[in-house]
Amino acid sequence: QFQLTGQVPLHLMMANNHVTDSRKYQLIGYSIMLISAVVLFRGFAAVMIVAVAPAVGVFWTTGMLHFLDLQDNPFNDIIVPVLISLVGLTDSVHLMVEIRQQRANGLPVREAARQGIARVGAACLLTSATTAIGFLSLLWAHHEIVHDFGICCVVGVTMTFLSVLTVIPLGCRSPLGRRLHVGLGKSVVDSQLRRIGPMVEWVLRHDRPVARAAILGTIALALISLSLQPDEKRYSGLSESGEAAQALRHLDQSLGGLEFGFVEVRWFEDFDDGELLAVLEEVNSLLDREPLIANPLGVSHLLAALPGEGDPVERMTLLELLPPSLKRAFYTPERHYAKIQFRVQDLGIAAYSDSFGRIEKGLKEIVASHPNFDLTLAGGVVWRWQNIYQIVTDLATSLGTASVVIWLLLTLFYRSIRIGLISIVPNLFPLAATAAVLVFTGQYLEMVTVCVFTICVGIAVDDTIHFLTRYREELRAGGDHNDVIRRAFTGVGSALLMTTIVLVAGLASAIIGDQRDARIFGVMGCLTIGTALFADVLLLPALLSRYAVGRDKSTVEQS
């Protein structure tokens with residue numbers, strides 16, 4: 001059997017996948033939007049308007065990415081179209097739910113659209129801003145692909161927000177807007193919302209234990225997530241079915257690895273050839289003891305391949321029999337330099353952490369016995385091992401910075417430190433829960449997972465924003481505090497369920513992708529969005545009931 005691989009075949013494979021995957025996953029994204037809208041709204045007019053708005057946003061985003069010459073980013077094939085369409089669809093759903101409710105209350109189309117934008121528009125703007133902040137934090141990444149991906153997503157969020165505010169009102173003013181309220185209250189979500197109502201009532205009756213459990217559970221999950229270890233795989237972003245990628249992985253396994261590490265040997269003036277060969281033999285013995293280190297090759301191995309016997313000094317004279325290009329690849333005496341190379345497979349750099357640590361310790365022991373020599377572990381794979389912590393730490397720092405900025409933005413928007421503090425739990429809980437799942441399943445903190453966390457910190461906060469915005473509106477209307485929370489849940493509960501179903505369905509489409517990174521994105525996204533709904537529906541009401549207005553909760557005066 002024959003397979004073709006190399007830089008050119010890999011480039012052609014990725015270019016071809018860029019075209020085919022982009023079309024395929026845009027089609028999948030549009031289909032999910034249409035099917036979800038049909039199931040959720042049970043009304044043709046609402047379905048068409050809601051489905052068209054994010055589709056226009058994706059179309060505008062594609063054009064802007066080509067205009068800005070960002071269309072070649074590999075994440076654009078799968079993640080960006082699905083992600084942007086789902087972000088746009090969530091805002092469309094919230095806006096359409098409110099407009100339909102206003103139409104059902106008897107308002108004409110124009111006034112219903114105006115009221116819908118007045119009540120939901122600010123929340124949509126805030127959700128777009130927080131999502132964009134999450135994406136902007138990727139600009140601190142050292143990896144160019146990740147950096148450009150953050151820019152692409154910011155462009156997409158902006159274009160999609162503009163499309164929602166443009167298409168939804170115009171669609172409502174069209175002939176379709178006359179029957180927007182048809183199917184209201186008859187969807188699957190509305191029936192499920194009535195089942196969730198008693199759970200919310202139970203939470204409000206037991207707000208103290210639920211709120212404490214929410215806080216302690218979030219802290220516990222966050223502490224567990226701190227045990228995630230950094231890792232990186234070089235070929236995880238390649239297609240798993242492409243011939244060039246399959247051949248590359250086959251070579252990586254068969255040859256013991258396609259990456260090279262080196263032990264660099266330098267010496268001072270006073271030494272003899274026998275001592276150099278003895279040092280090289282000790283290094284070889286050290287490398288041979290590591291099962292993950294494959295095929296060491298250096299001067300001593302070249303000498304061992306030559307015929308004859310003798311002491312080390314005599315054997316060193318045989319180097320003159322070797323071709324100069326071969327000998328000088330491992331030995332340059334005028335520079336007092338020699339090296340031993342070894343192969344490393346793409347098992348993830350974390351798998352070599354213990355091996356490299358033992359090798360560095362062993363090299364120090366050899367130097368202690370031979371003070372005229374200096375031994376250094378080097379090579380690109382070693383550099384990645386030494387710097388992967390810094391790369392992932394930088395991304396994690398950007399995630400933390402984005403979280404703090406989002407918290408400050410929410411605090412300023414709601415003009416309440418208390419509300420800002422309450423919002424931390426439902427926003428942190430989904431991320432901590434997903435990170436804990438990674439720990440329990442033996443996964444690592446890779447660049448793709450940090451990117452997903454950064455993305456989800458902006459998306460998961462969306463439902464919290466809509467809930468808190470409605471809560472503040474109902475709070476101004478006055479009444480018993482628990483009734484205020486019930487009215488807020490009734491007002492946004494349907495949209496929360498709809499957007500979660502749509503987001504999970506859309507992100508699940510990435511699981512069938514041909515790339516490991518895409519599947520990780522889909523699984524983590526579904527986990528984060530699902531747990532975000534749990535936090536907003538069950539934990540947030542308990543926190544608001546217990547801490548939002550202090551101990552006196554009997555009556556809330558109109559502000």
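What counts and what doesn't
- Residues numbered from 1 in each chain as written.
- Predicted model: local features only at pLDDT ≥ 70, side-chain atom pairs only at ≥ 80, totals over all residues.
- Heavy atoms only, no water.
- Helix = DSSP H or I, 4+ residues; strand = E, 2+ residues; numbered from the N terminus.
- Buried < 20%, exposed > 50% of the residue type's maximum accessible area, 1.4 Å probe, protein only.
- Lys, Arg positive; Asp, Glu negative; His and termini not counted.
- Salt bridge = Lys/Arg side-chain N within 4 Å of Asp/Glu carboxyl O.
- Polar contact = N/O pair within 3.5 Å; in protein donor to acceptor, adjacent residues only side chain to side chain.
- Core = buried A, V, L, I, M, F, W, Y, C linked by side-chain atoms within 4.5 Å.
- Contact = heavy atoms within 4.5 Å.
- Phe/Tyr/Trp six-rings, centres within 6.5 Å; stacked < 30°, edge-to-face > 60°.
- Lys NZ or Arg CZ within 6 Å of the ring centre and 35° of its normal.
- Expected span 1.5 Å × (residues − 1).
- Pairing = 2+ DSSP bridges.
- Axes fitted to C-alpha atoms, helices over the stretch in contact; angles between N-to-C directions.
- Parallel < 35°, antiparallel > 145°, perpendicular 65-115°, else oblique.
- Left-handed = near helix turned anticlockwise from the far one by under 90°.

1. Remarks on the side chain of Asp346
Looking at the secondary structure, you find Asp346 in the loop between strand 4 (337-344) and helix 13 (353-369). At 5.0 Å, Arg384 is the nearest oppositely charged side chain to Asp346, a buried residue that forms no salt bridge. Side-chain polar atoms of Asp346 contact the backbone nitrogen of Arg234, separated by 2.9 Å. Reaching out from Asp346, the side chain makes a polar contact with the backbone nitrogen of Tyr235 at a distance of 3.1 Å.

2. Structural notes on unusual backbone geometry
At Asn295, a residue that is not glycine, the phi angle is positive and equals roughly 50°. Among the residues examined, Asn295 registers a relative accessible area of 48% and is labelled partly exposed. The phi dihedral of His336 is positive, around 55°, even though this residue is not glycine. Tracing the backbone through its elements, the reader meets His336 in the loop between strand 3 (331-332) and strand 4.

3. Some thoughts on the nonpolar core
Counting residues in hydrophobic clusters, the biggest one holds 104 residues, and the most contacted among them are Leu83, Ile168, Phe467, Tyr471 and Leu544. With 15 residues, helix 16 (residues 447-477) is the largest single contributor of residues to this core.

4. Some points on the side chain of Asp91
Note that Asp91 resides in helix 3 (residues 79-104). Buried and without a salt bridge, Asp91 has Arg470 as its closest oppositely charged side chain, separated by 13 Å. In this structure, Asp91 is in contact with Cys124, Thr127, Ser128, Phe161, Val164 and His466, ignoring residues within four places of it in sequence.

5. Here we look at the packing of aromatic side chains
Under the criterion given, the structure shown has 7 aromatic pairs. Ring pairing ties together the aromatic residues Phe342, Tyr352, Phe356 and Trp385, which thus form one cluster. Cation over ring: Arg335 sits above Tyr337, and NZ or CZ is 5.4 Å from the ring centre.

6. Re helix 9 (residues 273-288)
For helix 9, spanning 16 residues, the distance from its first C-alpha to its last is 22 Å, which sits close to the expected 22 Å at 1.5 Å a residue. For helix 9, the complete set of buried residues consists of Gly274, Glu275, Leu276, Leu277, Val279, Leu280, Val283, Asn284, Leu286 and Leu287.

7. A word on the pairing of strand 1 (residues 259-267)
Across the 9 residues of strand 1, 7 count as buried, placing the element largely inside the fold. Where strand 1 and strand 4 come together, 8 bridges link them in antiparallel fashion. The partner of Val263 across the bridge, within strand 4, is Ile340.

8. What about the packing of helix 4 (residues 109-136) against helix 16?
The interhelical angle for the contact between helix 4 and helix 16, taken along N-to-C directions, is 155°, at an axis separation of 8 Å. In terms of orientation, helix 4 lies roughly antiparallel with respect to helix 16. For helix 4 against helix 16, the interelement crossing comes out right-handed.

9. Digging into the packing of helix 15 (residues 417-440) against helix 18 (residues 516-547)
Their axes nearest at 8 Å, the elements helix 15 and helix 18 cross at an angle of 145°. Of the two elements, helix 15 crosses helix 18, and the hand of that crossing is right-handed.

10. Some thoughts on the environment of Arg328
With respect to the helices, strands and loops of the structure, Arg328 is situated in the loop between helix 12 (324-327) and strand 3. Accessibility expressed as a relative area gives 40% for Arg328, which makes it partly exposed. With 10 residues separating them along the chain, Arg328 and Ala338 place their C-alpha atoms 8.6 Å apart. At a separation of 2.3 Å, a polar atom in the side chain of Arg328 contacts the side chain of Glu334.

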